[in-house]
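Here is how the chains run, residue by residue.
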Amino acid sequence: MERNSQKIGLINFLVLLLAGAILFVLARVSHTFSGQVGSVFFGIGFLCALVSYLQMRLEEREQLEKLEFDELAREKNAASLFSAGAEALPARHSREQFERYFLPIFTVVLFILQAAAVYFLWKWLRKATVVAPAQPMVVLSLVGVNALILFLLGKYAANLARLGENRLLRPGGSFLVFGAYVSAAIVIAVGLLWGGVQQADLYLARALCVILALIAVETLVSLIFEMYRPRVRGQAARLVYESRLVGLLGQPEGIFTTAAQALDYQFGFKVSETWFYRFLERALAWIILVQLLVLLFSTSFVFIGPGEQAVIERFGKPLAGGKILNPGPHIKMPWPIDKVYRVRTDEIQRFNVGFVADEQHAGKETVLWTVSHYKEEFNLLVASRDQQAGTNNPAADQSVPVDLLTVSIPVQFQIKDIKAWVYNYTDAASLLEKIATREVIRFLVGADIFDIMSSGRAHASEQLKKLIQERSDELKLGVNIIFVGLQDIHPPIKVAPSYESVIAVRQENEAKLRTAEGYAARNLSLSRAVAQRLIHEAQSYKNRKISGAQAQAAQYANQVMAYKASPEVFMQRAYLNAFSVGSTNSRKYVITSTNTDEVITLNLEDKVRRELLDTIAVPPPKN
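Residues numbered from 1 in each chain as written. Predicted model: local features only at pLDDT ≥ 70, side-chain atom pairs only at ≥ 80, totals over all residues. Heavy atoms only, no water.

Here we take up the side chain of asparagine 146. In this structure, asparagine 146 sits in helix α5 (residues 136-161). Other than its neighbours up to four places away in sequence, asparagine 146 contacts Ala19 and Ser183. (Helix = DSSP H or I, 4+ residues; strand = E, 2+ residues; numbered from the N terminus. Contact = heavy atoms within 4.5 Å.)

Below you can see the structure in the form of structure tokens.
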């Protein structure tokens with residue numbers, strides 16, 4: 001039996017190596033991602049089966065050595081043999097050293113390989129592009145035959161491994177059965193890819209990558225538990241490199257055995273031998289089938305939520321009459337005969353042009369030009385009014401007629417024709433986004449940067465809305481463009497400081513111009529006021545001179561009449577008046593004779609009013 005087990009172990013790792021190589025070559029030739037990821041499982045299974053085969057050989061040598069040692073002990077008294085210790089049993093010592101040192105090191109290396117494979121495969125799958133498979137019939141046939149052979153060999157090895165003496169066949173047998181299921185899944189994925197389901201192969205590859213990550217975690221946890229597990233002499237060590245997850249996925253029927261053992265241990269008697277458990281074990285397949293039928297029947301009922309509309313396809317084609325399902329319950333044929341495609345026609349949907357939103361900046365009211373507004377921002381070309389064409393200046397002729405501008409444009413739309421939205425194009429949402437992006441680029445190329453950043457924003461928004469709506473109607477997308485916003489308009493972040501400097505200089509120039517205009521307006525007003533004042537003063541001076549001359553003329557006429565009336569009095573009075581005027585505010589000295597005793601008395605009292613003394617007596621007229 002041991003010899004047979006070794007042969008099966010040898011066949012296991014050779015078959016895993018050959019099957020993995022064949023699958024990898026077919027996957028590379030046909031450009032299937034799931035096949036390339038699945039070949040990694042065969043590589044890991046090959047390493048585990050190879051190590052289990054080596055461990056199997058060591059245990060067989062130990063058993064042969066023990067038989068020989070027991071035979072010698074029975075034939076003669078060889079006490080010296082027993083005192084030799086490990087030197088008398090080199091095979092057992094080799095096996096113990098193998099389990100103590102090699103298996104933990106191998107498990108660590110296995111975990112590193114699994115983790116590295118998960119990292120690089122996932123990174124590769126994120127950038128992968130689905131292509132049509134090459135030679136799909138060859139891939140389907142060869143991988144299908146590969147799955148059949150792996151299943152037969154794996155089932156035989158797994159059943160044989162259930163015997164206590166053949167536990168080392170479990171790792172290889174589990175990977176063989178699991179590899180058969182992986183190959184069958186690859187066959188289905190390639191068939192779907194060939195039939196037009198573009199993402200089936202990529203989804204399967206990612207699912208296998210997730211399973212590989214779980215196996216890596218299981219390997220690490222098993223290694224940690226094995227390091228702290230208490231050792232009992234004579235007890236067989238657990239296969240730390242064996243994946244129970246692979247065994248469970250390859251042999252799901254083992255769940256019943258594990259569950260039965262757990263129930264027996266929990267209740268204290270053989271629950272697995274009761275009639276109910278036996279019935280459940282026999283009828284489980286029918287119970288699952290009934291549940292699947294009930295689940296399939298439940299797909300005949302569909303409920304359309306508020307604000308939604310839906311269309312039904314039967315065998316991939318729209319129903320005759322183009323029936324549209326409105327909100328409420330409806331009945332249809334079960335899946336996959338009928339499929340329902342729901343669309344939220346009352347909802348105002350949105351997409352962004354020119355940027356990719358970032359949750360970190362959500363809620364910020366003010367963001368400077370020199371700080372990124374969103375996760376990603378795209379620079380767009382706009383026209384420049386500073387282009388000077390037709391000049392003789394070489395520097396001006398080399399100036400760029402466009403500027404770069406970062407514009408965040410949210411576009412809101414509503415689906416008005418569900419049939420056009422669902423059936424006219426494969427991905428209408430992506431097409432609408434591309435239409436909006438193209439119209440935005442075409443519009444901004446002819447728009448002035450300063451106009452779009454200031455007073456022309458509202459007009460630009462209306463124009464973009466009109467252009468996107470017209471193009472969507474031409475392509476019959478069945479949408480209504482509700483709003484096109486222009487927000488967060490600013491220069492690119494790298495040139496924002498220089499742009500701010502230019503704007504600051506322009507603002508300073510504008511401030512100086514406004515100051516000069518204010519100075520001019522103020523001085524002009526003052527000069528006009530001074531001119532008016534001078535004019536009025538000249539007019540006043542003119543009037544005063546004319547009035548004075550007229551007054552002097554009238555006075556002269558009166559003086560002539562007074563002179564004619566009494567020339568002597570007039571002359572004396574004129575002299576005294578001139579003397580009085582001339583001596584006003586002058587110090588006066590009274591000089592008297594020194595040889596007389598005369599006393600001069602000056603009467604300084606108020607005299608009679610002058611106008612009374614100055615009145616000229618007019619003689620009465622002669623009869």
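The predicted model of the chain has a mean per-residue pLDDT of 75, with 71% of residues at 70 or higher. Confidence over residues 78-84 falls short of pLDDT 50; this stretch has five contacts with residues more than four positions distant or in other chains. Confidence drops under pLDDT 50 across residues 387-391; counting only partners more than four residues distant or on other chains, this segment forms nine contacts. (pLDDT = per-residue confidence, 0-100.)

Another point: helix α4 (residues 90-126). With 37 residues, α4 extends 52 Å from end C-alpha to end C-alpha; this agrees with the ideal 54 Å at 1.5 Å per step. Approximately 35° is the largest bend angle found in α4, and it occurs at phenylalanine 98. (Expected span 1.5 Å × (residues − 1). Bend = angle between axes of the 7 residues up to and from the residue.)

The next thing to look at is the nonpolar core. Ranked by internal contacts, the top residues of the largest apolar core, which has 57 residues, are Leu16, Leu125, Leu150, Ile186, Leu212 and Tyr241. Where this core is concerned, the elements lending two or more residues are α1 (2-30), α2 (33-75), α4, α5, α6 (170-195) and α7 (200-227). If sequence neighbours within four positions are ignored, leucine 212 has contacts with Val40, Phe41, Ile44, Gln114, Ala117, Val118 and Leu121. Listed in part, the 27 residues of the second largest apolar core include Val353, Val411, Leu477 and Ile481. (Core = buried A, V, L, I, M, F, W, Y, C linked by side-chain atoms within 4.5 Å. Buried < 20%, exposed > 50% of the residue type's maximum accessible area, 1.4 Å probe, protein only.)

So, about unusual backbone geometry. One non-glycine residue, histidine 31, adopts positive backbone phi at about 60°. Summarising the element assignment, histidine 31 is placed in the loop between α1 and α2. Taking relative accessible area as the criterion, histidine 31 reaches 41% and is therefore assigned partly exposed. At lysine 476, a residue that is not glycine, the phi angle is positive and equals roughly 60°.

Attention now moves to the pattern of salt bridges. Once their charged atoms are close, side chains differing in charge can pair, the charge on each being opposite to the other. Following the criterion strictly, the structure yields ten salt bridges and no others. Across the pair arginine 344 and glutamate 308 runs a salt bridge whose closest N-O atoms are separated by 3.2 Å. Here arginine 344, found in the loop between β6 (338-343) and β7 (349-353), pairs with glutamate 308, found in the loop between β1 (301-304) and β2 (309-314); they are 36 residues apart in sequence, far enough to count as distant. Through salt bridges with shared partners, one network takes in Glu308, Arg342, Arg344 and Glu347. (Salt bridge = Lys/Arg side-chain N within 4 Å of Asp/Glu carboxyl O.)

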